[in-house]
Amino acid sequence: MTGLRYVYAVCRPFGTPLQAQLTGVGGDPPRLVPHGDLVAVVSHVSEADFAEESLRAHLEDLDWLTAVARAHQGVIDALTTVTTPLPLRLGTVFRDDSGVRSMIEAREENFLRRLDRLEGRVEWGVKVFLESEPEQAPEQPAPQPAAMSGRDYLRRRREQTRSREDQWQRAETFATRLHETLVGFAEDSRLHAPQNPTLSGHRGRNVLNAAYLVPRSRSEAFVEQVERTKDDSPGLRVELTGPWAAYSFAGEEAAGEESVGEETAGEGPAGGRTAGEGST
């Protein structure tokens, strides 16, 4: 089959077949390109979509990016059930199988070292949000500014500011303690930048946006610990996502001949993205 090669991940050879109905980017089923002690998981994609000039045009099309991101994530999720994948950046593309094998050969030692580190481990994402409108009893209608003295008006503004600062301090304290607790269940962690609610669609102010590298054997205990904290602090919301392939801990991603880069779309690891997050 002709076309470019879209690469999802690199992993060690595995014997368990992927889901028969699994399709990747552009609807093409993923297949394996072996080289040495590694295999790349690839699909064929058309030059009309992924050649350099076409790709630049598609970067402006959020619907197209979202569809690619979801297909990419679907393949990574399927791989995570049968092996430990090393995810590559969203939109990593090569001209042909030979280009894919050359990439593996050039980075083989690095890939093997990172796969050794990630073997038997998954990524969990934890976010803490300060609700933008905490539930409170309805207040009595405030007096109109004209009926207030200047001193009363300034006092009320100071009280409102102090209340917001107290809420934020409480949220930061809660998030810090939760993170310190969860680190005890993980082998590594990453603190990502807080998410912008306008871009992420999440309500409330993001206080903690973290990823944790957790052995599969400890995952149940990790999840139980997160669940126990969800009702500990009114006005705060704890969200758990995963298990994911270890995007945030995969290290430097391999670059293809053309690449979508760090564009994000869809829901994925810690950063609310599907590829490139690490992550995160």
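The text that follows walks through the structure, step by step, so that each part is easy to find.

Points about empty space enclosed by the protein
Computed from the structure, the largest cavity encloses a volume of approximately 40 Å³. Taken together, Thr80, Thr84, Pro85, Leu118, Arg121, Val122, Arg216, Ala245 and Ala246 make up the full set of residues lining the largest cavity. When grouped by side-chain class, the residues that make up the lining of the largest cavity number five nonpolar, two polar and two charged.

Details of the packing of aromatic side chains
Inspection of the entire model under this criterion finds five aromatic pairs. Between Tyr212 and Phe222, the aromatic rings sit 5.4 Å apart at their centres with planes inclined by 55°, giving tilted as the arrangement. Placement of the pair is Tyr212 in strand E8 (residues 205–215) and Phe222 in helix H7 (residues 216–229), with a sequence separation of ten residues. Phe222 shares its class with Tyr212; the two are buried. Taken together, the ring pairs in this structure connect Tyr6, Tyr8, Phe50 and Trp64 into an aromatic cluster.

Here we look at the pattern of salt bridges
Close approach of charged atoms allows side chains of opposite charge to pair. Following the criterion strictly, the structure yields nine salt bridges and no others. One salt bridge in this structure joins Asp97 and Arg31, with 2.7 Å as the shortest N-O distance. One end of the pair, Asp97, is in helix H4 (residues 97–118); the other, Arg31, is in strand E2 (residues 31–35), and 66 residues separate them in sequence. The class of Asp97 is buried, set by a relative accessible area of 17%. Among the residues examined, Arg31 registers a relative accessible area of 27% and is labelled partly exposed. Between Arg237 and Glu131 there is a salt bridge, and its shortest N-O distance comes to 3.0 Å. Residue Arg237 is found in strand E9 (residues 236–244), and its partner Glu131 is found in the loop between strand E6 (121–130) and helix H5 (150–183); the two are separated by 106 residues along the sequence.

Scoring rules and cut-offs
- Residues numbered from 1 in each chain as written.
- Predicted model: local features only at pLDDT ≥ 70, side-chain atom pairs only at ≥ 80, totals over all residues.
- Heavy atoms only, no water.
- 1 Å grid on protein atoms, 1.4 Å probe; cavity = no way out; pocket = protein on both sides within 12 Å on 5 of 7 lines; lining within 4 Å.
- Points joined across faces, edges and corners; volume = space filled by probe spheres on them.
- Nonpolar A, V, L, I, M, F, W, Y, C, P; charged D, E, K, R; others polar.
- Phe/Tyr/Trp six-rings, centres within 6.5 Å; stacked < 30°, edge-to-face > 60°.
- Helix = DSSP H or I, 4+ residues; strand = E, 2+ residues; numbered from the N terminus.
- Buried < 20%, exposed > 50% of the residue type's maximum accessible area, 1.4 Å probe, protein only.
- Salt bridge = Lys/Arg side-chain N within 4 Å of Asp/Glu carboxyl O.

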